[in-house]
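Coordinates in review
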Amino acid sequence: MSRIIAVPTAAGSAGKTTTVVSLAAILGAQGRSVLVVDGDPQGTATEWLGVDPEQVELDTGAVMLGRATLAEAMLDTNVPGVQLMPAAPSLDGDVLEVSKLLGAEQRLRRALADAQADVVFIDCPGSISPFTIYALVAAESVLTVTQPAPKELRGLPKLEALVEEVRSYYNPTLTLVGVVPCITPPPNSGRLYTDAMTQLRDLYGDLVTPSIRRAARPPEALSNSVPLPIWAPNEPVTADYHAVATWLNDRRITA
């Protein structure tokens, strides 16, 4: 059975999609089969994996609406071992349509029951939305990301509360397995950031993964539609993502 990991966040621009695509590329290079489900209407994961969202005919929304099967919507990507259920610009409207249907919360879960990948990453929208709920119902694990700043940290309890509600009503085995500090500035950037990191570790303890440093390489990789580990394999920020991948494997979250 696939390891299905939802990657939601309560605050956008925190490095969520960079994390999904980078981890997928690293695991694919290690010989794992990976499926990335793009549930973000911006389609950034789709673009990063070499597919133009504007050219997508069958996407995540079509699968949830029953217009296509998972196998029909899945695409090969520019990364060995990684496949994609893409997002098209119509996804926002499709999610709204899904929300009016019987069994809306179960549709993504049922679709992913046929997934043949070792690991499935669900890239959620940049804020909590109905799709976030669908992803949490479908997943066994929740990996979230945050910037080490007060505003971003305030979103984590809201996400935790949603995870608890989904666990209570739909998915009793759902577990928050990690919090990835992303776009982390150097230690000399001031007390605002060091205090935020201290607060994050105080609140989440051993759920906090290795940090991902702030760097120029990720947006550069995105602009070229190439995942960071392939675009800049020897950069320190890429090493950070390898450390997170090792952290996940060691805890058997992706193993």
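Relevant structure appears above.
Residues numbered from 1 in each chain as written. Predicted model: local features only at pLDDT ≥ 70, side-chain atom pairs only at ≥ 80, totals over all residues. Heavy atoms only, no water.

1. Describing the pairing of strand S1 (residues 3-7)
To keep things clear, this is the line we draw: Categorising residues by exposure relies on relative accessible area from a 1.4 Å probe, with only protein chains included: less than 20% of the type maximum marks a residue as buried, more than 50% marks it as exposed, and the intermediate range marks it as partly exposed. Where helices and strands are cited, they refer to DSSP runs of H or I of at least four residues and of E of at least two residues respectively, numbered from the N terminus. For two strands to count as paired, DSSP must find a minimum of two bridges between them.
Burial of S1 is extensive: four of the five residues sit out of reach of the surface. Pairing between S1 and strand S5 (residues 119-123): five bridges, direction parallel. Of the residues in S5, the one forming a bridge with isoleucine 5 is phenylalanine 121. Here S1 runs beside strand S6 (residues 141-146); their pairing, made up of two bridges, is parallel.

2. Quick look at the nonpolar core
Note the following rule: Working definition of a nonpolar core: buried Ala, Val, Leu, Ile, Met, Phe, Trp, Tyr and Cys residues. They are joined through side-chain atoms within 4.5 Å. Should any heavy atoms of two residues lie within 4.5 Å, those residues are counted as being in contact.
Counting residues in each nonpolar core, the largest one holds 46 residues, and the members touching the most others are Leu108, Leu112, Val120 and Ile122. If one sorts the elements of this core by residue count, helix H7 (residues 130-138) sits on top with six residues. With sequence-adjacent residues up to four places away left out, isoleucine 122 is seen in contact with Ile4, Ile5, Ala6, Val7, Val37, Leu108, Leu112, Phe131, Ala135 and Ala138. Within the second largest apolar cluster, 39 residues are counted, among which are Val56, Leu143, Ala221 and Trp247.

3. Comments concerning H7
Summarising burial for H7: seven of the nine residues are buried, a large majority. Those residues of H7 that fall on the buried side of the exposure criterion are Phe131, Thr132, Tyr134, Ala135, Leu136, Val137 and Ala138.

4. Considerations on the side chain of threonine 146
Within the element layout of this structure, threonine 146 appears in strand S6. Every residue in contact with threonine 146, bar those within four places of it in the chain, is listed here: Ala14, Glu152, Leu153, Leu156, Val179, Val180, Pro181, Cys182 and Leu200.

5. Things to note about the state of the cysteines
Our working definition: Here, two cysteine sulfur atoms that lie within 2.5 Å of each other are counted as a disulfide.
All told, the structure shown has zero disulfides when counted by the stated rule. Here cysteine 124 is not disulfide-linked; the sulfur of cysteine 182 is the nearest cysteine sulfur, at 15 Å. The exposure class assigned to cysteine 182 is buried, which follows from its relative accessible area of 1%.

6. Points about the packing of helix H1 (residues 16-29) against helix H13 (residues 236-250)
Just so we agree on the cut-off: Here an axis means a line fitted to C-alpha atoms, over the contact stretch when the element is a helix, while the angle between two N-to-C directions is reported on a 0 to 180 degree scale. The scheme is simple: roughly parallel for angles under 35 degrees, roughly antiparallel for over 145, roughly perpendicular for 65 to 115, oblique for anything else.
Contact geometry of H1 with H13 gives a least axis separation of 10 Å together with a crossing angle of 70 degrees. It follows that H1 is roughly perpendicular to H13 by the angle criterion. Residues Thr18, Thr19, Ser22, Leu23, Ile26 and Leu27 of H1 form the contact with H13, whose own contacting residues are Tyr241, His242, Val244, Ala245, Leu248 and Asn249.

7. Here we look at the pattern of salt bridges
Rules: By definition here, a salt bridge exists when the distance from a side-chain nitrogen of Lys or Arg to a carboxyl oxygen of Asp or Glu is within 4 Å.
This model, assessed by the stated rule, comprises nine salt bridges. When the shortest N-O distance is used, the salt bridge between aspartate 94 and arginine 67 registers 3.8 Å. On the criterion of sequence distance, the pair formed by aspartate 94 in helix H5 (residues 91-98) and arginine 67 in the loop between helix H3 (60-64) and helix H4 (70-73) is long-range, its members being 27 residues apart. Glutamate 220 is the partner of arginine 217 in a salt bridge, and the nearest nitrogen-oxygen pair spans 2.4 Å. On the criterion of helical spacing, the pair formed by arginine 217 and glutamate 220 is a turn pair, its members being three residues apart in helix H11 (residues 217-223). Of the residues examined, glutamate 220 reaches a relative accessible area of 29% and is grouped as partly exposed. What you see here is one network of salt bridges that share partners, running through Lys16, Asp40 and Asp123.

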